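# Close look at the chain arrangement
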Amino acid sequence: MQPVLVPQPDGSLRVDGRRVPLGELPSVVAARDAAARWTWDDTNRWYPGLLSAGVRVERAHDLRLAHRILRSSALASWPDPDDAWDSLPVTPLTAVADEPAMLFGPVDDAARPDPVAELARQDAVVAGSAAAGRLRLLLAAESAGALTAVEMYHAGLPWLADVHDAVLTETLGPRPRLGERPARLDELAQRIRDALGAPATLNPDSPQDLLRAMQRAGVGARTLRKWELEQLDHPVVEPLLEYKSLYRLLTANGWAWLEAWVRGGRFRSEYVVGGVVTGRWASSGGGALQLPKSVRRAVVADPGWTFVVADAAQLEPRVLAAMAGDEVMAAAGRGPDGRGADMYAGIVASGAVPTRELAKVGMLGAMYGGTTGSSGQVLPRLAKAFPRSLAFVDEAARAGERGEVVTTHLGRSSPLPGATWHETQAGAYQDDAGDDDVARARSYARSWGRFTRNFVVQGTAAEWALCWLASIRRRLWALGVDSALPDGAVLPPFTGRPHLVFFVHDEIVVHTPSSLAEAVAAEVQEAAAEAGRLLFGDFPVAFPLSVAIAPSYADAK
DNA sequence: ATTAAAAGCCAC
DNA sequence: AAACGTGGCTTTTAAT
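Residues numbered from 1 in each chain as written. Chains lettered and ligands numbered in written order. Predicted model: local features only at pLDDT ≥ 70, side-chain atom pairs only at ≥ 80, totals over all residues. Heavy atoms only, no water.

Going by what an unreviewed UniProt entry lists, chain A is known as DNA-directed DNA polymerase and is assigned to Jiangella anatolica. For the record of chain A, the UniProt heading Catalytic activity (unreviewed entry) holds the text "DNA(n) + a 2'-deoxyribonucleoside 5'-triphosphate = DNA(n+1) + diphosphate". (UniProt positions renumbered as here; feature names shortened; annotations may be inferred.)

Here it is in structure tokens:
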């Protein structure tokens, strides 16, 4: 049930006691029953090659990812000092997929630690935990996430380069020759110079030059931040803000981006599972997690296909309510029919605060540690209406201020503050400590408290999202039908079935044959309910989604 | 010439 | 209104 891939010195693998030449791995995997949990050092190292060979894996155990969680979890006690598993690098997907000869990467790496021993060690650590069930769920979800991330890279996000190019041309003007400024930016640069009475040599791309020119013109700006410029009353503000906005589009998602990251009608950015301390995913290359709304028009489904786009509404406050056991706040998120409604509207309906906007900034402030402005002002009212949730995040913040570890619902623990932090705290208790030493220590402590306050919520929301993803992935596969080509050949994974193509923290995009879109939408809904049950059992918290079916990502929002 | 930091904006 | 969490990425500018 749990075959382990053990790299051998001769470049082959040992699986279930049998020697398997690398080239035979796909057929060995394909021959096993679907319940097998494939256990390996690094999903990124083995799974891309399997997918390329047309073999999908249902379940996996990623030893590297599991190790990272267990090593620092406060819900487990790890028996050994640091070893090779603590510094095992993740295999970059680009290294595996770009080079067919490297389908599985090099295997004869003597430094690779023993996966069989590591699995036994991890099993023992989990079994010895008082929260073994939660940890098992977390490890399973993390590993399923690793499979999903590789599959999304394999499939890619459908991307029409000509639509992207049209967006750029409409906004910036036609693509200029190398080193030249697009027409629209050029006009704005001239308007900026005119408004400042600056010479033609003024380059708005140089913050130094620009700020100096603005000071000479008496604009009164101290920085070039957008929000600060918006406060000013000067003719340069409007063209400058426009320039900055277009410049951003050009440099971050312009023609160069298009050429670098879009190939064959697909955008591929590598997801880094667990790449954020809280357990959120990071991404590498192309900035998948910051795709600006302006270019999402280019995300267009294949002919005959469409997208199901879903995002979890107010995920973090719902997660907070559930982990804090706050029935009152959970009720505010269930709505009149009990199936889930706008949580901020529910908070208003409860009488705690007068407007939705205040409910929103107040809850965000509670989860981020905000103290100023309208957010700070409504906190006392929220604390009175929802004492359990507010006390929960406050306790996480206090633990952080004391330099302690906090832990998510399933058992991912925060790191400890570094040496500088401790030195600063110690500095406040020196005999010769001045007011500034004490203030700095307090500021550092508060800052770490904001981190731990947010960690428990963001981290548990990431766990919910992992379970959601895993459930969607499994349901889509079960829903799918194997498409056969006219000659009877079966299409490889994901070329004929609905599949995940995008994920950002609390939002997913499924690329699906149009005929299955409604069924996919229903499964995505079911998966959200399942994720809630997996994490919080019978606790009555709702996780409603907003779901849209549209052939373009931009139209789904 | 190369690297690192700083500033700023994008996403959630 | 502008301090209040997690990141990636690009450019300019300073440092080596």
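Another point: the environment of Ala183. Checked against the element boundaries, Ala183 lands in helix H8 (residues 183-196). Counting along the chain gives 165 residues from Ala183 to Arg18, while the straight-line C-alpha distance between them is 65 Å. (Helix = DSSP H or I, 4+ residues; strand = E, 2+ residues; numbered from the N terminus.)

So, on to the sheet that holds strand S8 (residues 266-267). In spatial order, the strands read S6-S8-S7; together these three strands make up an open sheet with antiparallel pairing. Edge positions in the sheet fall to strand S6 (157-158) and strand S7 (262-263), since each has one partner strand and no second. The pairing of S7 with S8 spans two bridges and is antiparallel. Across the sheet, the residue bridging to Arg263 is Arg266, located in S8. (Pairing = 2+ DSSP bridges.)

Let us now look at the layout of surface pockets. Computed from the structure, the largest pocket encloses a volume of approximately 760 Å³. Arg280, Val504, His505, Asp506 and Glu507 are, among the 35 residues lining the largest pocket, the residues nearest its centre. Those elements that place two or more of their residues in the lining of the largest pocket are strand S11 (305-312), helix H13 (315-323), helix H16 (356-368), helix H20 (435-479) and strand S12 (499-503). Arg37, Arg59, Arg136, Ala140 and Ala141 are the residues nearest the centre of the second largest pocket, which is lined by 26 residues in total. Where the lining of the second largest pocket is concerned, the elements lending two or more residues are strand S5 (59-62), helix H5 (115-127), helix H6 (132-155), H20 and helix H21 (517-536). Per-element accounting of the lining of the second largest pocket gives the leading share, eight residues, to H6. The class makeup of the residues in the lining of the second largest pocket is 13 nonpolar, five polar and eight charged. (1 Å grid on protein atoms, 1.4 Å probe; cavity = no way out; pocket = protein on both sides within 12 Å on 5 of 7 lines; lining within 4 Å. Points joined across faces, edges and corners; volume = space filled by probe spheres on them. Nonpolar A, V, L, I, M, F, W, Y, C, P; charged D, E, K, R; others polar.)

What follows is about the packing of aromatic side chains. Throughout the structure, instances matching the rule amount to 14 aromatic pairs. The interplanar angle of 75 degrees and the centroid separation of 4.9 Å between the aromatic rings of Trp281 and Phe503 together place this pair among those described as edge-to-face. Of the two residues, Trp281 is situated in the loop between strand S9 (270-272) and strand S10 (282-284) and Phe503 in strand S12; the sequence distance between them amounts to 222 residues. Judged by relative accessible area, which is 3%, Trp281 ranks as buried. By relative accessible area, which is 4% here, Phe503 ends up buried. Here a set of aromatic residues connected by ring pairs shows up, and it is made of Trp464, Trp468, Phe536 and Phe543. Above the face of the Trp477 ring, Arg497 is positioned so that its terminal group lies 3.6 Å from the ring centre. (Phe/Tyr/Trp six-rings, centres within 6.5 Å; stacked < 30°, edge-to-face > 60°. Buried < 20%, exposed > 50% of the residue type's maximum accessible area, 1.4 Å probe, protein only. Lys NZ or Arg CZ within 6 Å of the ring centre and 35° of its normal.)

Turning our eyes to something else, we now look at the sheet that holds strand S1 (residues 6-7). Ordered in space as S1-S2-S3, the three strands form an open sheet in which the pairing is antiparallel. In the strand order of this sheet, the two ends are held by S1 and strand S3 (18-20), each with one partner. In this sheet, strand S2 (residues 13-15) lies alongside S1 in antiparallel orientation, the contact comprising two bridges. Bridge pairing links Val6 to Arg14 in S2.

Turning our attention to the protein's contact with DNA strand B. Lining the immediate surroundings of DNA strand B are 17 residues, of which Leu224, Lys226, Arg248, Arg280 and Asp506 lie closest. For DNA strand B, the backbone portion of the atoms within 4 Å of the protein, that is sugar and phosphate, comes to 86%. Measuring from a phosphate oxygen of DNA strand B, one finds a backbone N or O atom of Leu224 at 3.1 Å. In this structure, Lys293 approaches DNA strand B through a side-chain N or O atom, which is 3.2 Å from a phosphate oxygen. When its residues are assigned to classes, the surface near DNA strand B shows five nonpolar, three polar and nine charged. (Near = heavy atom within 4 Å. Polar contact = N/O pair within 3.5 Å; in protein donor to acceptor, adjacent residues only side chain to side chain.)

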